[in-house]
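# Architecture and fold: a report
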Amino acid sequence: MCSSDLGGAALDTISFAAATGHRVIRVPSTVLAQDDSGIAVKNGINAFGKKNFVGTFAPPFGVVIDPALLETLPLRDRIAGVAEIIKVALLKAPGLFAKIAGALAVAGVSVVDAKILTLSTGMALDTFSFQDFEGEPIASESRLSRIKTRVIAALEGRLRFNQELPKVGSRLPSRVQALEVPPRVIIDNAASNRFTVIEVNARDGPALLNRLALALFLSKVTIHSAHVATYGERAVDTFYITDLLGDKISSSQRLKSIERRLLGAAANEGEWRQAA
């Protein structure tokens, strides 16, 4: 069975076939599809108040990646596909999410969404959607290349965040920077059946996501998903986390400790001014 670039319903059907013994070979024909196809094939429906509670999950037997297919796409689609997502597939390393967020801040881009997937093999796939500070896709191939170079340098430990991050200017106009945005942390253990959900409200800034991710790393938790929203000078970042064993965090003492660390990171006080 061979699947090309199909819609969600068709791919769900093929995903079920893949999980029940059929060999599926995927031939993706867009930038994002070629990024996604090597990971896995899943289908699922929501049930009993849980997302994707009923369904199947199985990797394809094979994936044919032909870069020549991308030449059939309009230039705008190719640029948008590359500009929106950086995918980093490598063995899971401590603080990986914070390093990538920091590298993107140093590269001068605005992260608008992030998703984290850790496979049973220990392989990590962190997906970041980003734009320039004006909210537009990054069309310059040379700039995309520089962003990629920054991320690789961060992952290899060659990027000195304590030297580079202070050089990053704020995306906010000076009149907006003068507005006060007291940081606030909301922790909710009832919003999800699987995760502890943390919402952080703070002044927006290029390195905010890096500091928050680093604070969570130092708190010895696993980030499973992150969602970023901005409203003028205010940023609202939401994290779905567990402890290192994959369980929700129920200890009130530990939750208070996480809250204090996030508040310090959000306010960018003391040690967080040189987050590394």
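In what follows, the structure referred to is the one given above.
Residues numbered from 1 in each chain as written. Predicted model: local features only at pLDDT ≥ 70, side-chain atom pairs only at ≥ 80, totals over all residues. Heavy atoms only, no water.

### A few points about the pattern of salt bridges
Evaluated as defined, the whole model comprises 2 salt bridges. The salt bridge involving Glu-156 is made with Arg-158; its shortest N-O contact spans 2.8 Å. Judged by relative accessible area, Glu-156 falls into the exposed class, the value being 53%. One salt bridge in this structure joins Glu-259 and Lys-256, with 3.8 Å as the shortest N-O distance. (Salt bridge = Lys/Arg side-chain N within 4 Å of Asp/Glu carboxyl O. Buried < 20%, exposed > 50% of the residue type's maximum accessible area, 1.4 Å probe, protein only.)

### Some thoughts on the side chain of Ser-192
With respect to the secondary-structure elements, Ser-192 resides in the loop between strand S9 (184-188) and strand S10 (196-203). Here the side chain of Ser-192 touches Arg-194 through a polar contact of 3.1 Å, landing on its backbone nitrogen. The contact partners of Ser-192, leaving out residues within four places of it in the chain, are Val-197 and Lys-248. (Helix = DSSP H or I, 4+ residues; strand = E, 2+ residues; numbered from the N terminus. Polar contact = N/O pair within 3.5 Å; in protein donor to acceptor, adjacent residues only side chain to side chain. Contact = heavy atoms within 4.5 Å.)

### Quick word on the packing of helix H4 (residues 96-106) against helix H8 (residues 208-218)
Contact pair H4 / H8: the axes reach a minimum separation of 8 Å and the direction vectors enclose 165 degrees. Classed by the angle they form, the pair H4 and H8 counts as roughly antiparallel. Between H4 and H8 lies a crossing whose hand is left-handed. Contacts between H4 and H8 pair Phe-97, Ala-98, Ala-101 and Gly-102 from the former with Leu-209, Asn-210, Ala-213 and Leu-214 from the latter. Within the contact of H4 with H8, the residues separate by chemical class into 6 nonpolar, 2 polar and no charged. (Axes fitted to C-alpha atoms, helices over the stretch in contact; angles between N-to-C directions. Parallel < 35°, antiparallel > 145°, perpendicular 65-115°, else oblique. Left-handed = near helix turned anticlockwise from the far one by under 90°. Nonpolar A, V, L, I, M, F, W, Y, C, P; charged D, E, K, R; others polar.)

### Considering a nonpolar patch on the surface
Taken together, Ile-25, Phe-61 and Val-64 make up a surface patch of nonpolar side chains, about 260 Å² in accessible area. Mapped onto the elements of the fold, Phe-61 is located in the loop between strand S4 (50-58) and strand S5 (62-63). (Patch = residues over 30% accessible without salt bridge, like charges linked within 9 Å, V, L, I, M, F, W, Y side chains within 5 Å. Areas by Shrake-Rupley, 256 points an atom, 1.4 Å probe, with all protein chains shown as cover.)

### What about H8?
Counting buried residues along H8, 9 of its 11 residues qualify, which places the element largely inside the surrounding structure. Positive backbone phi, approximately 60 degrees, marks Lys-220, located one or two places after H8.

### Focus on the environment of Tyr-231
Inspection of the secondary structure assignment puts Tyr-231 in strand S11 (residues 221-231). Judged by its relative accessible area of 54%, Tyr-231 falls in the exposed class. Sequence separation of Tyr-231 and Arg-203 is 28 residues, and the distance between their C-alpha atoms is 9.7 Å.

### Remarks on the packing of H8 against helix H9 (residues 252-267)
With their axes 9 Å apart at the nearest point, H8 and H9 run at an angle of 155 degrees to one another. Compared by their axis directions, H8 and H9 come out roughly antiparallel. Of the two elements, H8 crosses H9, and the hand of that crossing is right-handed. Facing H8, whose interface residues are Leu-208, Arg-211, Leu-212, Ala-215, Leu-216 and Leu-218, H9 presents Ile-258, Arg-261, Leu-262, Ala-265 and Ala-266. Here the contact of H8 with H9 is built from residues that sort into 9 nonpolar, no polar and 2 charged.

Fair warning: the whole summary comes from geometry, so function is off the table for now.
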